[in-house]
Amino acid sequence: MTSTIYKWSINFLFLGCIVILFMIFSNSLRLPDLSFINSTNLQSFKTMFISIILEAFPFILLGVFLSSILQIFVSDRAISRMIPKNPILGILFACLIGIIFPVCECGMIPVVRRLILKGMPIYVAVVFVLTGPILNPIVYFATFTAFRTRPEIAYTRMGLAFVVAFIIGLFIYRFVKKNPLRHSASNHQHVHDLEQNHINTGEQEVASLHDHSHDHVHEHSHDHSHSHGNKFFAMLGHASDEFFEMGKYLMFGSMVTALIQTFMARESLVSIGHGPLSSHLFMMGFAYILSLCSTSDAFVASSFVNTFTTGSLLTFLVFGPMLDMKGTLMLLSVFKTRFVLLLMGMIIITVLVGSLLFERIFFQ
């Protein structure tokens, strides 16, 4: 129920952004009475809103196509076989697997759920969820592009994400002994066997049932088409779905960012942004609410470079891909609530402490 309400609210905001864009670019429509907004502020809002979107869109396109290729053409079993048995090596491998398989966080949870059910250790899966959306070449290139004059932000983003995920992975390996999944692997296997038996039976009887069960024939023909290698169209379909899903969050995040930068008093913004702790807490909450894709969040963060400390921008860039609103809902659909709360607490503490230390070491 909660996820349905959240999905509809995001769709409503996405529709609102489309209406705003249409009103901005249309010459045939008049803007509503915005006399309380001076023209300078309105122009600043439009410029910032559109510039963030235009800068981020190419990286979203690249990310969704690569993610879709991996989703369709690379099997989960192939990834599972690559994981070392040693826990330390397994955590290190999970930290770096995003370099090989750069999957966006939007499609990370379903992939990891399948890998866990196929035998991937929980601590390895969690580390993969945390680092996969950050430690990959697309996100690094996007961050480097967004902060052309501050390349150290791109380096420290990768470094802090690695350190945070490694610490959390060790903690889960040492202290989490019970299965945190909502549905155990045995239950999943039982359901899978029932489904497989149903499909096999349907394949044997499809000739006799063709005239009596349209739905069954449709499902059978769908499986048959995929078995003949029709993966290219499946990849395009997955890419388009993921693009529009992430596009909604990007437009929402860009609009909120432009509104804050334009209409919030600069003195208030600077006072928050230069606070030793308030800047980090503000950026953590900001990242959680926006739920941006890791291929586009750097362009939002770069718009705050003159008002917020570099350490707080680093907090935004690391915390957001690891924990945001949509990610929390997806985690709750896979893991037990107690485990999700534990994971959220560890992410908040380690990212905050780590960013404060990185700020003192690298940005002083």
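Predicted model only: the values in this text are computed from it and were never measured.

What counts, and at which threshold
Residues numbered from 1 in each chain as written. Predicted model: local features only at pLDDT ≥ 70, side-chain atom pairs only at ≥ 80, totals over all residues. Heavy atoms only, no water. Helix = DSSP H or I, 4+ residues; strand = E, 2+ residues; numbered from the N terminus. Buried < 20%, exposed > 50% of the residue type's maximum accessible area, 1.4 Å probe, protein only. pLDDT = per-residue confidence, 0-100. Contact = heavy atoms within 4.5 Å. Axes fitted to C-alpha atoms, helices over the stretch in contact; angles between N-to-C directions. Parallel < 35°, antiparallel > 145°, perpendicular 65-115°, else oblique. Left-handed = near helix turned anticlockwise from the far one by under 90°. Salt bridge = Lys/Arg side-chain N within 4 Å of Asp/Glu carboxyl O. Phe/Tyr/Trp six-rings, centres within 6.5 Å; stacked < 30°, edge-to-face > 60°. Lys NZ or Arg CZ within 6 Å of the ring centre and 35° of its normal. Core = buried A, V, L, I, M, F, W, Y, C linked by side-chain atoms within 4.5 Å. Polar contact = N/O pair within 3.5 Å; in protein donor to acceptor, adjacent residues only side chain to side chain. Nonpolar A, V, L, I, M, F, W, Y, C, P; charged D, E, K, R; others polar.

## Let's talk about the overall build of the protein
Helix and strand counts for the protein stand at 17 helices and zero strands. For the protein, buried positions account for 46% of its 364 residues.

## Brief notes about the confidence of the model for the protein
Counting all residues, the mean pLDDT for the protein is 76, and 70% of those residues have values of 70 or more. Predicted confidence is poor over residues 185–228, with pLDDT under 50, and the contacts of this stretch with residues over four places away or in other chains come to 13 contacts.

## Observations regarding the packing of helix α8 (residues 152–175) against helix α15 (residues 310–322)
Where α8 contacts α15, the axes come no closer than 10 Å and their chain directions differ by 50 degrees. Here α8 is positioned oblique relative to α15, judged by the angle of their axes. The two elements α8 and α15 cross, and the hand of that crossing is right-handed. Along the contact surface, α8 presents I153, T156, R157, L160, A161, V164 and A165, while α15 presents T310, L314, L317, V318, P321 and M322.

## Comments concerning the pattern of salt bridges
Scanning the entire structure with this criterion turns up two salt bridges. In this structure, R150 and E152 form a salt bridge, with 2.5 Å as the shortest nitrogen-oxygen distance. Judged by relative accessible area, R150 falls into the partly exposed class, the value being 25%. The exposure class of E152 is partly exposed, given its relative accessible area of 26%. For R157, the salt bridge goes to D297, with nearest N and O atoms at 2.8 Å. A residue pair is termed long-range when its members are at least 10 positions apart, and R157 in helix α8 and D297 in helix α14 (residues 297–302) qualify at 140 residues.

## Examining the packing of aromatic side chains
Taken as a whole, this structure holds 12 aromatic pairs when the rule is applied. Note on F171 and F175: the rings are 4.8 Å apart at their centroids and 45 degrees apart in plane angle, and the pair reads as tilted. Taken together, the residues span about one helical turn, with F171 and F175 both in helix α8 at a distance of four residues. Taking the relative accessible area as the measure of exposure, F175 reaches 53% and is therefore exposed. Ring centres 5.5 Å apart and planes at 90 degrees place the aromatic pair F304 and F308 in the edge-to-face group. Ring pairing ties together the aromatic residues F282, F286, F304, F308 and F316, which thus form one cluster. Across from the ring centre of F175, 5.3 Å away, lies the NZ or CZ of R174, which sits over that ring. Seen from the ring of Y173, K177 lies directly overhead, with NZ or CZ sitting 5.7 Å from the centre.

## Describing unusual backbone geometry
Phi at S291 takes a positive value of approximately 55 degrees, unusual for a residue other than glycine. On the secondary structure map, S291 appears in the loop between α13 (278–290) and α14. Relative accessible area serves as the criterion here: at 0%, S291 is assigned to the buried category.

## As for the side chain of T310
Structurally, T310 is set in helix α15. With a relative accessible area of 14%, T310 lands in the buried category.

## A closer look at the nonpolar core
Counting residues in hydrophobic clusters, the biggest one holds 85 residues, and the most contacted among them are I168, I172, F286, F316, M322 and I347. Once you skip the residues sitting within four places of it in the chain, I168 turns out to touch V126, L130, L343, M346, I347 and T350.

## Notes on helix α16 (residues 325–334)
Within α16, the full set of buried residues consists of K326, G327, T328, L331 and V334. One side-chain oxygen at the N-terminal end of α16 lies 2.7 Å from the backbone nitrogen of G327; it belongs to D324.

## What about the packing of α16 against helix α17 (residues 337–362)?
Between α16 and α17, the shortest axis-to-axis distance is 8 Å and the interhelical angle comes to 145 degrees. Handedness of the α16/α17 crossing: right-handed. Contacts from T328, L331 and L332 of α16 reach α17 at T337, V340, L343 and M344. Looking at the contact of α16 with α17 residue by residue, the class counts come to five nonpolar, two polar and no charged.

## Let's talk about the environment of L357
Positionally, L357 belongs in helix α17. When its relative accessible area of 48% is taken as the criterion, L357 is described as partly exposed. Each C-alpha atom of the pair L357 and G311 lies 8.8 Å from the other, and the pair is 46 residues apart in sequence.

## What about the environment of S271?
Summarising the element assignment, S271 is placed in helix α12 (residues 266–273). Judged by its relative accessible area of 48%, S271 falls in the partly exposed class. Between the alpha carbons of S271 and T307 there is a distance of 8.5 Å; along the sequence they are 36 residues apart.

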